[in-house]
Structure formats: C-alpha cells, structure tokens
Amino acid sequence: MKRFFAFVKKEFLHIFRDRRTLVILFGIPIVQLLLFGYALTNEVRNVKVVVADYARDEKSREIIGRLQASPWFQLVGTADNPNQYESILRSGKAKEIIVIEHGFAQKLVHDRVGKIQLIADASEPNTAQLIINYTTAIINGAPPASMIEVKTRMLYNENMKEAYNFIPGLMAMILMLISAMMTAITITREKEMGTMEILLASPLKPIQIILGKVTPYMILSLVNAIIIVGVGTNLFGVPIKGSLMLLMFEVMLFIFLALSLGILISTVSANQMAAMAISGFGLMLPTILLSGFIFPIKNMPLPLQIISNLMPPRWFIEINRMVMLKGADITLVWKQTLILMVMSAVFIFISMKKFKIRLE
Amino acid sequence: MRILFYILQKEFIQIFRNKGMLPIIFVLPMVQMLVLVFAATFEIKQVDMMIVDLDHSPVSRQLTNQIMGNKLFRMNAFPTSATEAEQMIQASKSDLALVIPRDFDKKITLHQNPDVQILVDAINGNAAQLGSAYLSNIILDFHKSVLMQQKVAGAPEASVIEIESSFWYNPTLNYRHYMAPGILVVLITVIGMFLGSMNLVREKELGTIEQINVTPIQKWQFIAGKLMPFLLIGLFELIFGLTLAKIVFHIPFVGSFPLLFGISAVYLVLVLSAGLYFSTISDTQQQVTFVVYFLMMIFLLMSGLFTPVESMPTWAQNIDRFNPLFYFVRIMRGIVLKGAGISEIFNDFVALLAYAVGMFSLAIWRYRKTS
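Residues numbered from 1 in each chain as written. Chains lettered and ligands numbered in written order. Predicted model: local features only at pLDDT ≥ 70, side-chain atom pairs only at ≥ 80, totals over all residues.

Student: How would you summarise the overall build of chain B if you had to cite specific residues and measurements?
Tutor: Looking only at helices and strands, one finds 14 helices and five strands in chain B. Here the C-alpha atoms of chain B give a radius of gyration of 29 Å, more than 25% beyond the 21 Å that 2.2 N^0.38 yields for 371 residues. Each of the 371 residues in chain B was classed as buried or not, and the buried ones make up 43%. Put simply, 79% of the contacts in chain B that link residues at least 6 apart link residues at least 24 apart. (Helix = DSSP H or I, 4+ residues; strand = E, 2+ residues; numbered from the N terminus. Rg over C-alpha atoms; globule rule 2.2 N^0.38 Å. Buried ≥ 20, exposed ≤ 12 C-beta atoms within 10 Å, placed from the backbone. Contact = placed C-beta atoms within 7 Å.)

Student: Give me the overall build of chain A: which residues, what numbers.
Tutor: For chain A, the count of helices and strands is 14 helices and five strands. Rg of the C-alpha trace for chain A: 28 Å, well past the compact-globule value of 21 Å for 360 residues, more than 25% over. Its C-alpha atoms give chain A principal-axis dimensions of roughly 95 × 45 × 40 Å. Considering chain A as a whole, with its 360 residues, one finds that 43% of them fall into the buried category. When contacts within chain A are restricted to residue pairs at least 6 apart in sequence, long-range pairs at least 24 apart make up 78% of them.

Student: A description of the domain arrangement of chain B should follow, citing residues and the corresponding values.
Tutor: Examined at the domain level, chain B breaks down into domain 1 (47–149) and domain 2 (174–366). The gap between the C-alpha centroids of domain 1 of chain B and domain 2 of chain B is 48 Å. (Domains from an automatic or database assignment.)

Student: Before we move on, could you go through unusual backbone geometry and cite the residues and values that matter?
Tutor: It is generally the case that most residues other than glycine have a negative phi and that most peptide bonds are trans. Its identity is not glycine, yet Arg56 of chain A carries a phi of approximately 50 degrees, on the positive side. Here Arg56 of chain A shows up in the loop between β1 (47–53) and α3 (58–69). A positive phi angle, near 55 degrees, is found at His56 of chain B, a position not held by glycine. Mapping His56 of chain B onto the fold places it in the loop between β1 (47–53) and α3 (58–68). The exposure class of His56 of chain B is exposed, given the 12 C-beta atoms found within 10 Å.

Student: So, helix α11 (residues 285–302) of chain B: which residues are in play, and what are the values?
Tutor: Residues and elements named next belong to chain B. With 18 residues, α11 extends 26 Å from end C-alpha to end C-alpha; this agrees with the ideal 26 Å at 1.5 Å per step. Inspection of α11 places Gln285, Gln286, Val288, Thr289, Phe290, Val291, Val292, Tyr293, Met296, Phe299, Leu301 and Met302 among the buried residues, and these make up the whole buried set. Just downstream of α11 lies Gly304, where phi reads positive at about 95 degrees. (Expected span 1.5 Å × (residues − 1).)

Student: Tell me about the interface of chain A and chain B, residues and numbers included.
Tutor: Opposite the 88 residues of chain A that make contact, chain B presents 87 residues. Among the residues forming the side of chain A that touches chain B, the class breakdown is 49 nonpolar, 21 polar and 18 charged. (Nonpolar A, V, L, I, M, F, W, Y, C, P; charged D, E, K, R; others polar.)

Student: Could you give an account of the nonpolar core, naming the residues involved and the relevant values?
Tutor: Membership of the largest hydrophobic core comes to 201 residues, with the highest contact counts inside it found for Leu175 of chain A together with Ala97 and Ile183 of chain B. Counting residues per element, this core draws most heavily on helix α7 (residues 163–193) of chain A, which supplies 18 residues. In this structure, Ile183 of chain B is in contact with Met33, Leu36, Val37 and Ala40 of chain B, ignoring residues within four places of it in sequence. (Core = buried A, V, L, I, M, F, W, Y, C linked by C-beta atoms within 7 Å.)

Student: Account for the pairing of β1 of chain A, with residues named and values stated.
Tutor: All names here are of chain A. The element β1 is extensively covered by neighbouring structure, given that five of its seven residues are classed as buried. Note: β1 against strand β2 (residues 73–78), five bridges, orientation parallel. By the bridge assignment, Val49 is partnered in β2 with Leu75. Taken together, β1, α3 and β2 form a β-α-β motif whose crossover is right-handed. Where β1 meets strand β3 (residues 96–100), five bridges bridge the pair, whose relative direction is parallel. Bridge assignment links Asp53 to a residue of β3, and that residue is Ile100. (Pairing = 2+ DSSP bridges. Right-handed = clockwise from strand over helix to strand, strands pointing away.)

Student: Any details on the packing of helix α1 (residues 2–17) of chain A against helix α9 (residues 206–236) of chain A? Residues and values, ideally.
Tutor: Residues and elements named next belong to chain A. Where α1 meets α9, the axes come as close as 9 Å, and the angle between the chain directions of the two elements is 40 degrees. Between α1 and α9, the angle is such that the two are oblique. By crossing handedness, the relation of α1 to α9 is classed as right-handed. From α1, Phe4, Phe7, Val8, Glu11, Phe12 and Ile15 reach across to α9, where they touch Gln208, Gly212, Lys213, Thr215 and Pro216. Of the residues assigned to the contact of α1 with α9, the class counts are six nonpolar, three polar and two charged. (Axes fitted to C-alpha atoms, helices over the stretch in contact; angles between N-to-C directions. Parallel < 35°, antiparallel > 145°, perpendicular 65-115°, else oblique. Left-handed = near helix turned anticlockwise from the far one by under 90°.)

Student: Describe the environment of Gln218 of chain B, listing the residues and the values that go with them.
Tutor: With respect to the helices and strands, Gln218 of chain B occurs in the loop between α8 (208–213) and α9 (219–249). Remark: the alpha-carbon pair of Gln218 of chain B and Ile3 of chain B, spanning 215 residues in sequence, is separated by 9.3 Å.

Student: Kindly report on the domain arrangement of chain A, identifying the contributing residues and their values.
Tutor: Structurally, chain A comprises domain 1 (25–40 + 162–354) and domain 2 (47–140). In this structure, domain 1 of chain A and domain 2 of chain A have C-alpha centres spaced 47 Å apart.

Student: Would you mind going over the packing of helix α7 (residues 175–206) of chain B against α11 of chain B in detail, with residue names and values included?
Tutor: Residue and element names in this part refer to chain B. Interhelical geometry of α7 versus α11 gives an angle of 160 degrees and a closest axis separation of 9 Å. The orientation of α7 relative to α11 falls into the category roughly antiparallel. The two elements α7 and α11 cross, and the hand of that crossing is right-handed. Counted together, Val186, Thr189, Val190, Met193, Phe194, Ser197, Met198, Val201, Arg202 and Glu205 of α7 and Gln285, Val288, Thr289, Val292, Met296 and Leu300 of α11 form the full contact between these two elements. Tallied by class, residues from the contact of α7 with α11 come to 10 nonpolar, four polar and two charged.

Student: So what about the pairing of strand β2 (residues 73–77) of chain B? Which residues, and what values?
Tutor: Note on strand geometry: in a regular strand, side chains alternate between the two faces of the sheet. All names here are of chain B. Relative to β2, β1 runs parallel, the two sharing four bridges. The residue of β2 that forms the bridge with Met49 is Met75. Assessed by its sense of winding, the connection that carries the chain from β1 through α3 to β2 is right-handed.

Below, the structure is given as structure tokens:
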C-alpha cells in the first residue's frame, strides 16, 4: 500500500510541476462557461440591414423607423440602385436588403396592396430564416386580437435561459478531455520516454501502475465537475432539480468510463502524438458534434444517429439533462446508466487484454 | 537557399517515415468533414409530439388531423391528460404536447377565444421551440380557415402588405452549403496548428533539436523549414477537401479558386506560425497540445461558424478581431458561396496578411538557438 501511495504522490508532483497545463485545465471550463454564458447565442441580434427605399413616403418612413427602433436590426446604410445589392451582400456589409417599392403608400390606399421585397443573404441559412421572420413581424405589426390564444409553456426552462442547454454538454466535454485525453497522454509519455520500463521492472504490479496513474486525474476531473456545476448554479441560475447524490453518482460513473477509455487509448498508441491525435480527433470533435451537445441528434441523418448511440458522452448528456434540469430519478435514467456501465466494463476488459507486461 | 531546400527534404522524409501518422494526417480530416457536415445542422427533421384532446369534438378532431398530416410532427404517444403528458416530457419520451381544452368547440362556435396550451420541452435543444412556434402558426391558420368557413361578416377589407422574400446564394437554405466550407477551414486549421507545433516540440523533447542548433542554420531558415511542409500539406488538403465537398454535397463553387488558394496560403502561414510560436515557449508536447487546443476552442466558438458573430456582445466582438478564424470563415464563405472578389473581401484579407506577417516574425524572434 505504501508503495502505491508513493507512486500516486509522484504522479501528483508531475502534474503540479507542469503549471502551464494545470492553468489550462482549469482555464478551459471557466473560459467556456464565460463564452457560452455571456457571448454565444443562437438568437438574432444587431443584424446589419440596408434599406432601398424607392417610395420615400410617410408609410415607408414609418416602417423604417420601426426597424431602426428594434434591437434586432441595425440600419447600416441605404441603397438606391439594384446594382448595388450584389456587392452589399457579398462584402458582408449587410445581411438583408429591404426594398420598398415606388409609390408604396399610394398603392396601399388605392390598390389595397403594397409590395416590399426582402433579400436575405442565405449563406447563413439559419440566420437568414430568422431574419426574414423577424422583419416580416416588424413590418406587419401586431396580429389582430380576435384569434385563438395559444399559451406556450416552456417546461423546465421557463425563462429560456441558454445556460441550461450547455452546462451538461460542457461537463461531458471537460471530463472527457481531462480523464480520457490526459490519462492517455501520461501513460504514453512514460512509454515514449522509456521510463515505463523502469516502472514495469519495479515491484509495482501493473494494476497498481494503472490505478496510480489515473487517480490524480480522477480527482482533478471531480474538482472540475464541481466547479462547473457550482458556477452554473450560482452564476447562471441553473437548477439541480433532481437528487444531488444521483447526479454525483452519474458524474463519477462517467469519469470512470472516461478514464478507462484513456487507458484503452494508451494501450493502442505507440507515442504521445498518436495518443493525442486519437483522443483529440477521435474523441473531442465527435463529442462536441455528435453527442447532442450543440446540434440536436434528431436532426442528423439516420446513420449518424446510430453512431451517436455509440458515443458515451451522448448518454451522459442525456442523463445529466434529465437529472439536473428535469428532476428525473433513477427510474427514468436506469437504461442510460446501464449503458454507461456496460461501456466502462468493455473498455476495461479490452485494456487489460492489451496491456503488455513485456516490452516488444 | 540551398539550406532551406535540404531542411525541407529532411522534414518531408521524417513526416512520411512516420507511418502511423499518415492516415491521421490525410484520411482523418476528410472522414471527419464528411461525417461532421452531415451532423452539424439545425434543420429540424422531426418533432415528436403528443396531442391531448379533452374536447373530442369534430372541430378538435379536424385540428388534430391537420396537425398529424404535417410531415414535421410525429405523434409518438397518446396521453389522456395534461399531467400524463408532462410526465412523458420529463422522461424525454416526447418533445411537445398540445392540450386542447374541453370547451374548444363551444368557444369557437360562440366566436370566443379557447385556451389552447402547448407544453414544450425547453431542454432538448431548439427543435421543440421552433416546433412550438410552427405549431402556433398552424393553429392560427386553422382558426382563420374555420372563421372563413363560418363566414364572419362585417370586417372591412384591410389593406395588406405583400412581402416577397428571396434568399440569395443559397435559395434552398441548404445547411450543408453553409457548414462544409466552415468545417473544412476548421480541419485545416487543426492540422496546421497541431501538427506543425507538435513537430517542433517533439524535437525538443527527444533532444534532436540540439543537433540542429549547433549547425550554422539561421533562425528564419529553421522556422520556415518547419512551416513549409505543413503549409503544402494543408493546401493539398484544401484542394482535396473542396473537391470532395463538391462531389458529395454539391456545394456550388461560385467564386475564384486561385483567389481562395492564395488567401488560404496566407491563412495557413498565420496559423502555422502561431503553432510554432507556442512550441518555442513550451517544453513538452502535452503543454503545446493543451495550449493549442485551448486557443482553437475559443477561436472556433467565436468564429461565427456555429453562432452568429453579430449576436455577441460588443466586448466579445472586439476580442474577435484577433481571431484568425473569424476572418477566414467569412472569406471562405464569401468566395465559395457568394462569389466575392478581392475588392469585396479586401479588409478581411489585409487583416489576415498583417497577422500572418506578425506571427511569422514573432515565431522567428522567439526561437532561440541557445538555451
């Protein structure tokens, strides 16, 4: 036992000696929390628009006034010639051109129909759709009152705070990064440096070496997870509706899974570069894009949805969202928890098979 | 000049000797691009919903049928009460529930406003929210058509503003056209920054850098020698990736390819130099990986690839001026999708050029042959 503790102490010393990496390990979640919490949003705001007003009557000016007053739009210029439209959109000077036809107010009165043309830069299709919708809403004004009242209730996120959506995903990503990637790198580094031979020749059993290597990262991951949940709860008001114990249990399970994945990667990587490439490309990018963190899984084509089922973060994010944000208990997440357990068992089994006691 | 040539030869031999890394350098980015462009979309395919019809009247059934006929919505559960519907949403079994109240038919016939309720799972992404907005519109349209059937008399003909909208450069609002050039940019950046920087730090770690340092090679030659192989690899991947994107996703390539090529070269110099700069201040591969990863992530998230830049607060947009990805994504989309020419992207290009020159000089200046 004493040997084991000495070994763990050595690993901790390695980590703390490398101050730069340590700063970044804690910096990444904090910076991401800042970005997602305060800077990034899918909403449309301050969209630059250009108005081509060929009418210049009171009706057109009224509409332009409403557009200017709206926080969604920013009037950056005018156009008086259709030839200008192309270069305005191409250079990105504006994302939308609003064309009010000649004699607009007159036509509204006499013909009962006035035409406005909206030209949107659809190279960003999502934004373009929203821009058209918002512009249409502003031009039309308020809808008549004699209609069905549709009351929409946003469950679990009444105020539509974006923070709710990304905290679970952020946790998955950070835990994967620290537990899987760092574990893989540290074990491979010993192989590459040649110090692994020394470890293997020592009285330490291989299982003790592996456990000793992952323990510091397990603790670091746990600390990071607590920081993320803490900042989320206190700064962004993200609730923990479900049982905190269940949440912590799932977090520990996921950390365990990520660690075993890291060990598995280290057994198949010959050097650090390979370990980093596999965990970087093979883990991080798919984690961000295929796990449901940013892009909803239901929108993806079927083959990708199937692949997504193989990704551990996908299940963890779902569990996290349900327990933290919807207050689900174990009866609702048992299936996903079981999947995570099975995956961990598989990773550990394969790692143990592949771990070589003798060096080739 | 001859020295540079020999250094390049050495670098290329080393790269291609590393058989394990070759698929990672060449195959992985292409695979990732294909996979990720298919995945990265906010287009909604389907919304799982439930309808709780407490009225069971002909009108409510009419509304239900109309919604069920809409391809966007998929009825996947049939709860009998609002409470049951809420439980299903909590279990993530469905995204949306429409509750039609008991007096729906009565109120419509009496020209009153029935209280229709939509329960939305606001957690599972924006699909439910967009679905609920769409559903509200369907319900309003339904009400309008019912009113017209009842021939509500009296209201004078109001004047109508006819709004005609056109979507330029992407009339079908194809999300893939939007994502593919952007993801390609990301992948090339990753290759550039990671590989370029790791290469140099690896030499430091293994100690072979000392042998280079004792030669009379000049600093700029060494840095250029580390940079150029990955510049060439990056450009090659750009061509390959764009061709692949054109074939698989049918991305229309409207602008001038030589222009894009030239600007990409400038961009790669910028990114590679940045990576090399970080290698000169790092001691281990691990450190450099994390620094590069950290920066890449910030650049990526703020680049305008996933979320619009204008929606960010002013302080964030100011920081974004230092983000090379911000400029390059704009340029790439401008040239590929909008057919922009040099005059239209001039400002972005000058910014990139200035940064590239600055970063390259910084890397050379920071590199020390003696420790």
